[in-house]
Amino acid sequence: MNRKDLAEIKRRLNPDKRYPSVLRGCYLGADGHVIAEFAKSVGALAQEECEKFMAIFRKCLSGTEGQNLLNLDFTPEQMEADAHHLLTGLCDTGLQDVQIVEDFFRRAIAWRQEEFVHLQSVDDQQAADNYLVLLLHDGYDVPYRDDNGDLDKERSESILNYILCAVCPVKQLKPALRYFEGDSEFHAGASDQVVGMPEMGFMFPAFEERSANIHRALYYTRDTGDLHASFIEGMLNADVQMTAQEQKETFQSILTETLAEECSMDLMQNVHETISTMIEEQKADKTAEALCMDKQDVKRVLEECGVSEEKTEAFAARYEESFGEQAAIPAVNMIAPKQFKVDTPSVTIRVDPQHSDLIQTRILDGKSYIVILADGDVEVNGVKITC
């Protein structure tokens, strides 16, 4: 899904419009036992409640593509499995079939039970958290979009029946003094259970090219370092990808190992600038998905930056070995477009990428130095100094 598609679906989650029809929830204890279940008509929700619920689902469509938002593609075998049939059934019935909804929540219960045992074994504090699993259905009469990108609501292209799922931790607040308006005094109050923003969630099917793509789900994770693999496998029966951090570290390792002596400051500055420019150009087109690059794409960048054929071939081979033959990973997981950082064992230097040319390397008296151009005023602990 591109940014325009995401924005279009997020507008559906306007509490004033009440577009989605049905909201269902299953409140699970820390060990996976069911505390409560509910079904509500979105149109019947009180305004404040509707705003809170819609904020949760909008969060599941927010974040950086390739890091918080990931495309999960289903293989032909996975599409024939029970999990995919269940997702399709939830959409087709608009969450009105109680048995299908119960089957989905049973998968959620099994996921939480297994996760609880695992978290307890590693003494993770998340093992004590209760979870609220929310499902939302919407039937979207997709309007026609003309060549200029404008919507014509008088013309329909298709009906998009989709669900949004959000999995939210429920925190137990500590007892505290509370103000009681009736007697104008503070008294000890009972602890409250508060629903937090979702840790993970998904939209199925994905909304692409003005229609439903049942071969793909859009997955959300709040923590880019934890995709919650057990949830992806247990609830969606989809393949688990590397996290953004794992992709970044693997990519950096491949560059270090394969470029060796050619991996210089100038080269990394050029690679960073080239890929950053490509990201920004892609970002300018709101109808394009976030930039992903395969081994050939990166190989071309390295060649343009002056890396020898021998090294680029070695890079391509290691890239394929690490990520897969046809794999393309998000460019934002290769470089940080808004950050250029230089690390030494004793010093870390951060500079605006637009001014990375202010940092150079020099050999002085046989020793390697990092040289920074003192451009303009220089301050040390807030005090201007003379260089």
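For the structure itself, consult the block above.
Residues numbered from 1 in each chain as written. Predicted model: local features only at pLDDT ≥ 70, side-chain atom pairs only at ≥ 80, totals over all residues. Heavy atoms only, no water.

Asker: Lay out helix H6 (residues 229-236) in plain terms, naming residues and giving numbers.
Answerer: When H6 is considered as a whole, its buried residues turn out to be Phe231, Ile232, Met235 and Leu236. The buried residues of H6 occupy an angular sector of 100° when the element is viewed end-on, so they sit on one face. Summarising the contacts, the buried residues of H6 are in contact with strand E3 (69-73), helix H4 (82-92), helix H5 (98-121), strand E5 (151-172), strand E9 (200-204) and strand E12 (216-221). Asparagine 237 sits one or two residues past H6 and shows a positive phi near 55°. (Buried < 20%, exposed > 50% of the residue type's maximum accessible area, 1.4 Å probe, protein only. Helix = DSSP H or I, 4+ residues; strand = E, 2+ residues; numbered from the N terminus. Arc of directions from axis to C-beta. Contact = heavy atoms within 4.5 Å.)

Asker: So what's going on with the packing of helix H8 (residues 265-284) against helix H9 (residues 295-304)? Residues and values would help.
Answerer: Where H8 meets H9, the closest approach of the two axes is 10 Å, and the angle between their N-to-C directions is 130°. Classified by the interaxial angle, the pair formed by H8 and H9 is oblique. In the crossing of H8 with H9, the sense of the turn from one axis to the other is right-handed. Across the interface between the two elements, Val271, Thr274, Ile275 and Met278 of H8 pack against Val301, Leu302 and Glu304 of H9. (Axes fitted to C-alpha atoms, helices over the stretch in contact; angles between N-to-C directions. Parallel < 35°, antiparallel > 145°, perpendicular 65-115°, else oblique. Left-handed = near helix turned anticlockwise from the far one by under 90°.)

Asker: Explain the nonpolar core to me, and be specific about the residues and the numbers.
Answerer: Counting residues in each nonpolar core, the largest one holds 36 residues, and the members touching the most others are Phe104, Ile163, Phe202, Tyr219 and Phe231. Here the element with the most residues in this core is H5; it accounts for 7 residues. Those residues in contact with phenylalanine 104 that sit more than four places away from it in its chain are Leu86, Leu87, Leu90, Val133, Leu135, Cys165, Phe202 and Met235. Membership of the second largest hydrophobic core comes to 32 residues, among which are Tyr27, Phe57, Leu69 and Leu134. (Core = buried A, V, L, I, M, F, W, Y, C linked by side-chain atoms within 4.5 Å.)

Asker: Pulling in residues and values, what's your account of a negative patch on the surface?
Answerer: Where like charges cluster on the molecular surface, the negative patch consists of Asp16, Glu48, Glu49 and Glu51. With respect to the helices and strands, the residue glutamate 48 is situated in helix H2 (residues 47-59). (Patch = residues over 30% accessible without salt bridge, like charges linked within 9 Å, V, L, I, M, F, W, Y side chains within 5 Å. Areas by Shrake-Rupley, 256 points an atom, 1.4 Å probe, with all protein chains shown as cover. Salt bridge = Lys/Arg side-chain N within 4 Å of Asp/Glu carboxyl O. Lys, Arg positive; Asp, Glu negative; His and termini not counted. Charge placed at Lys NZ, Arg CZ, Asp CG, Glu CD.)

Asker: Please set out the packing of helix H7 (residues 244-259) against helix H10 (residues 309-323) residue by residue, giving values where relevant.
Answerer: Relative orientation of the contacting elements H7 and H10 amounts to 150°, with a least axis distance of 9 Å. By the angle class used here, H7 and H10 are roughly antiparallel. Here H7 runs over H10; the crossing is right-handed. Taken together, the residues of H10 that come into contact with H7 (itself represented by Gln247, Thr250, Phe251, Ile254, Leu255, Glu257, Thr258 and Leu259) are Lys311, Ala314, Phe315, Arg318, Tyr319, Ser322 and Phe323. Its residues placed into classes, the contact of H7 with H10 shows 8 nonpolar, 4 polar and 3 charged. (Nonpolar A, V, L, I, M, F, W, Y, C, P; charged D, E, K, R; others polar.)

Everything listed is a geometric property; what it means functionally is a separate question.
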